[in-house]
Amino acid sequence: MSNTIGVLGLGVMGSSIALNMASKGEKVSVYNYTRDLTDLLMQKNDHEEMYPYYTLEDFVQSLQSPRKIFVMVTAGPVVDAVIQSLVPHLESGDIIMDGGNSNYQDTARRYDELKMQGIDYLGIGVSGGEEGALKGPSIMIGGEQEVYNKVAPIFTKIAAQVEGTPCCAYMGPKGAGHFVKMVHNGIEYADMQLIAEAYTFLKERLHLPLHEIADIFEEWNQGELKSYLIEITADILRKMDDKTGQPLVDVILDKTGQNGTGKWTSIQAIDNGIPVSIITESLFARYLSHVKGERVHAAEILAGPKAHLEDLDRSSWIEYVRQGLYMGKICAYAQGFTQYKITSELNGWNLPLQEIALIFRGGCIIRAEFLNTISEAYQAQETLANLLIAPTFVEKTKEYQVGMRKVVAESMMSGLSSPALSAALTYYDSYRTGQSSANLLQAQRDYFGAHTYERTDIEGSFHTNWK
């Protein structure tokens, strides 16, 4: 047997990827450490080109040389354990590919360790969830360019296709692929939180019923906010609970999970001095959601503003919310792509920012019409410092900032928490501030710690005896 690729790890994502590959004509070997998932997958499989194996040795030997093994297991120590079990069965030039949400630094370490043993390693970011994995995800690949070229025919075939272009691309060396996926997930956190805050304003301040809010999101999805997340939000708000007859969203407990990538995005940004405040506030909002009991107790004893009796003009305020949400997205993506740019420069990766925007247009969770504009911005100016100063976005923020300010201010006056929208507006105002208050901070640091400061009129470092 000489199958073209093997998939190891047959959970939801691994099974879906294997089915996708088989449906595109690849001869796929599949293996799982427990037989039950292998048998379950084969029951679903109606493709002749999928072959189950029940020992690791048989699985590896079924693959043509150089062997290509796509690992889809839980990120962390499990990946290291799988690699250790595979290596004794491999030969020089064989390729292990990690398609999970691994930390990009772990990927770089594994790359170096396997390189010393003659085994090639690729870190592959896969976005799109179960449906994307099955029908076509967005794929971000890091490692050696020559090794990528060996697997590219398979991955460009199974990736989502937008206007005839596969949503799959080479990102750069070692952990670059997983890094791009990590920040993608951070942007996803911000995008979701911004949408949640827009929903909250429409529901709690404008007192709109859920079916009207669903209609609003559906309408927004026909315009410049068109995206997967806006689309599914409308669907979610329409869904009724079979047990209670209430809207399902109203019976879902308000405690949000996170898988680590948002946290890693914030930590990496902090370590390298990159402002990603919207992503980080979105992460903190998830953390705060977990203290449900404390929040319920605090709601009974902590004062908020008096209830606003003033009725707002609904049509005007719905438009303000739309504008605020769109401007919030601009700021969130500006932060994420700035993180790509600065980290790329620090590591010498040469991340293809224009191409990253293009491969996010299909398959992935943050796919949106908006990404075409981002791609065009980098096509027009490859060295663009920040998306906020791209001409298209300059005009949009000029037009939409008033709406965003109104929504943020009204949220605060009404006692509605809006951490992502507030952070987005603060980031925008901070970035456009030519003369900030950081001079006072430097004076304070020099006063108590003799940290020195620079001057506006003379080059060099200076210290003052402030007393």
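Below or above, wherever it landed, is the structure these notes cover. Everything quoted here is computed from the prediction, not taken from an experiment.

**Some thoughts on the sheet that holds strand β10 (residues 168–172)**
Ordered in space as β3-β2-β1-β4-β5-β6-β7-β10, the eight strands form an open sheet in which the pairing is mixed. Unpaired on one side and paired on the other, β3 (50–52) and β10 mark the two borders of the sheet. Taken over all neighbouring pairs, the strand axes of this sheet differ in orientation by 25° on average, direction set aside. Pairing between strand β5 (residues 95–98) and strand β6 (residues 120–127): four bridges, direction parallel. Residue pairing for β6: I96 is matched across the bridge by Y121.

**Quick notes on the layout of surface pockets**
Its boundaries defined by the atoms lining it, the largest pocket holds a volume of some 1800 Å³. Looking at the largest pocket, it is lined by 40 residues, and the ones nearest its centre are A196, Y199, T200, D254 and T256. Of all the secondary-structure elements, those providing two or more residues to the lining of the largest pocket are α8 (176–205), α10 (228–238), α12 (277–289) and α13 (292–301). Its residues assigned to classes, the lining of the largest pocket comprises 21 nonpolar, nine polar and 10 charged. Computed from the structure, the second largest pocket encloses a volume of approximately 520 Å³. Along the walls of the second largest pocket sit 26 residues, with M13, N101, G129, K181 and N259 positioned nearest its centre. Listing elements by their share of the lining of the second largest pocket, those giving two or more residues are α1 (12–23), β6, α8 and α10. In terms of residues, the lining of the second largest pocket owes the most to one element, α8, which gives six residues. Classifying every residue of the lining of the second largest pocket by side-chain character gives 11 nonpolar, 13 polar and two charged.

**A word on the environment of E459**
Along the chain, E459 turns up in the loop between β11 (453–454) and β12 (461–462). Along the backbone, E459 and T280 are 179 residues apart, and their C-alpha atoms lie at a distance of 35 Å.

**Quick word on empty space enclosed by the protein**
Per the stated rule, a full pass over the model turns up one cavity of 30 Å³ or more. When its volume is computed, the largest cavity comes out at roughly 30 Å³. Surrounding the largest cavity, N101, S102, H178, K181, M182, T261 and W264 form its lining. Of all the secondary structure elements, the ones that give two or more residues to the lining of the largest cavity are α8 and α11 (261–271). Across the lining of the largest cavity, the residue classes break down as two nonpolar, four polar and one charged.

**As for the pairing of β10**
For β10, the tally of buried residues reaches five of five residues, placing the bulk of the element in the interior. Inspection of the sheet shows strand β7 (residues 138–142) paired to β10 by four bridges, in the parallel sense. Considered in β10, the bridge of I139 is made with C168.

**Remarks on the packing of aromatic side chains**
Scanning the model with the defined rule gives 22 aromatic pairs in all. Seen from their ring centres, F201 and W317 are 5.7 Å apart, and the 20° between their planes marks the pair as stacked. Residue F201 is found in helix α8, and its partner W317 is found in helix α14 (residues 314–347); the two are separated by 116 residues along the sequence. Here the two residues F201 and W317 agree in accessibility, since each one is buried. On the basis of an interplanar angle of 65° and a centroid distance of 5.1 Å, the ring pair of F217 and W220 is categorised as edge-to-face. Of the two residues, F217 and W220 both sit in helix α9 (residues 210–220), three residues apart, roughly one turn of that helix. Note on accessibility: F217 and W220 belong to one class, buried. By the ring-pair criterion, three or more aromatic residues cluster together here, those being Y104, F179, F337, Y340, W349 and Y378. Directly above the ring of F370 sits K329, whose terminal nitrogen or CZ lies 5.4 Å from the centroid.

**Here's the deal with the side chain of T107**
Within the fold, T107 resides in helix α5 (residues 104–115). A relative accessible area of 0% means that T107 is categorised as buried. Leave out the neighbours within four places in its chain, and T107 touches S102, Y121, G123, K174, G175 and H178.

**Considerations on the pattern of salt bridges**
As enumerated under the stated definition, the model contains 30 salt bridges in all. Close ionic contact of E91 with R67 constitutes a salt bridge, the shortest N to O distance being 3.8 Å. Residue E91 is located in the loop between α4 (77–86) and β5, and its partner R67 is located in the loop between α3 (56–61) and β4 (68–71); the two are separated by 24 residues in the primary sequence. Under the relative-accessibility criterion, E91 is labelled partly exposed at 45%.

Conventions we followed
Residues numbered from 1 in each chain as written. Predicted model: local features only at pLDDT ≥ 70, side-chain atom pairs only at ≥ 80, totals over all residues. Heavy atoms only, no water. Pairing = 2+ DSSP bridges. Helix = DSSP H or I, 4+ residues; strand = E, 2+ residues; numbered from the N terminus. Axes fitted to C-alpha atoms, helices over the stretch in contact; angles between N-to-C directions. 1 Å grid on protein atoms, 1.4 Å probe; cavity = no way out; pocket = protein on both sides within 12 Å on 5 of 7 lines; lining within 4 Å. Points joined across faces, edges and corners; volume = space filled by probe spheres on them. Nonpolar A, V, L, I, M, F, W, Y, C, P; charged D, E, K, R; others polar. Buried < 20%, exposed > 50% of the residue type's maximum accessible area, 1.4 Å probe, protein only. Phe/Tyr/Trp six-rings, centres within 6.5 Å; stacked < 30°, edge-to-face > 60°. Lys NZ or Arg CZ within 6 Å of the ring centre and 35° of its normal. Contact = heavy atoms within 4.5 Å. Salt bridge = Lys/Arg side-chain N within 4 Å of Asp/Glu carboxyl O.

Read these as geometric descriptors, not functional statements.
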